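# Analysis of the macromolecular model
In case you want the letters, here they are:
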Amino acid sequence: NTHSPNLPRHVPGKSSNECWAFMQLCKELNENHGIHRNDPRVVLTVIDDDSELHENYFEALTYYFVTKPASSRYVTTWQPPICHFKNYLRQPLLVRISSLFATLNELSCLANPFDCHVN
């Protein structure tokens, strides 16, 4: 399915598009595979079209998901670090500086064992 730009009662935007895609996914999983939206076997990943994930991202996600206690695995947000270097050289100078510091912050959080990024 593709997203229609003229949906009734739909405000165009990233969040509303993700909501629409989630509803379409739920419908397809239920109708074609008998999987309901609260099925514990489903882990949903939302990324932008310009995202680049490590080749073992999904394996790592699966490992940390199944080894997390059941009491907290369903209320945990699994977020990889965000590095803003995709179009770094085309960004305006102030955006480039902001991207650099945001990325440094993300990476420093990974290095800090007391930060919430590290389990």
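Just so it is clear, the structure is predicted and the values come from calculations on it, not from any experiment.

## Focus on helix 4 (residues 93-111)
The first and last C-alpha atoms of helix 4 sit 27 Å apart over 19 residues, in line with the 27 Å expected at 1.5 Å per residue. Ser99, Thr103, Glu106 and Cys109 are the residues of helix 4 that are buried. Projected down its long axis, helix 4 carries its buried residues within an arc of 120°, all on one side. Every exposed residue of helix 4 that faces more than 90 degrees away from the buried side is listed here: Leu93, Leu94, Phe101 and Ala111.

## Regarding the packing of aromatic side chains
Taken as a whole and assessed by the stated rule, the structure comprises four aromatic pairs. Between tyrosine 63 and tyrosine 64, the aromatic rings sit 5.1 Å apart at their centres with planes inclined by 80°, giving edge-to-face as the arrangement. For tyrosine 64, a relative accessible area of 42% corresponds to the partly exposed category. Plain terms: the ring middles of phenylalanine 65 and tyrosine 74 are 5.6 Å apart, the flat faces sit at 80° to each other, and that makes the pair edge-to-face. With a relative accessible area of 11%, phenylalanine 65 lands in the buried category. Lying across the ring of tyrosine 88, arginine 96 places its NZ or CZ 5.7 Å from the centre.

## Quick word on the confidence of the model for the chain
Segments scoring low in pLDDT should not have their predicted coordinates read at a detailed level. Looking at the chain as a whole, its pLDDT mean stands at 83, while 93% of the residues score no less than 70. Of all the helices and strands in the chain, helix 3 (residues 70-73) carries the lowest mean pLDDT, 85, while helix 2 (residues 57-67) carries the highest, 91.

## Structural notes on a nonpolar patch on the surface
Taken together, Phe85, Leu93, Leu94, Ile97, Leu100, Phe101 and Leu104 make up a surface patch of nonpolar side chains, about 710 Å² in accessible area. Of note, leucine 100 is situated in helix 4.

## What about helix 2?
Tyr57, Leu61 and Phe65 are the residues of helix 2 that are buried. Buried residues in helix 2, looked at end-on, bunch into an arc of 60°, giving them a common side. At its buried positions, helix 2 is contacted by helix 3.

## Some remarks on the environment of valine 66
Within the element layout of this structure, valine 66 appears in helix 2. Spatially, the C-alpha atom of valine 66 lies 12 Å from that of tryptophan 78, the residues being 12 residues apart in sequence.

## So, the state of the cysteines
Enumeration according to the criterion identifies zero disulfides in this entry. Cysteine 83 takes part in no disulfide bond, and the closest cysteine sulfur to it belongs to cysteine 109, at a distance of 12 Å. Residue classification places cysteine 83 among the partly exposed residues on the basis of a relative accessible area of 42%. A residue is classified by how much of its surface remains accessible, and cysteine 109, at 11% relative accessible area, is buried.

Basis of the calculations
Residues numbered from 1 in each chain as written. Predicted model: local features only at pLDDT ≥ 70, side-chain atom pairs only at ≥ 80, totals over all residues. Heavy atoms only, no water. Helix = DSSP H or I, 4+ residues; strand = E, 2+ residues; numbered from the N terminus. Expected span 1.5 Å × (residues − 1). Buried < 20%, exposed > 50% of the residue type's maximum accessible area, 1.4 Å probe, protein only. Arc of directions from axis to C-beta. Phe/Tyr/Trp six-rings, centres within 6.5 Å; stacked < 30°, edge-to-face > 60°. Lys NZ or Arg CZ within 6 Å of the ring centre and 35° of its normal. pLDDT = per-residue confidence, 0-100. Patch = residues over 30% accessible without salt bridge, like charges linked within 9 Å, V, L, I, M, F, W, Y side chains within 5 Å. Areas by Shrake-Rupley, 256 points an atom, 1.4 Å probe, with all protein chains shown as cover. Salt bridge = Lys/Arg side-chain N within 4 Å of Asp/Glu carboxyl O. Contact = heavy atoms within 4.5 Å. Disulfide = S-S within 2.5 Å.

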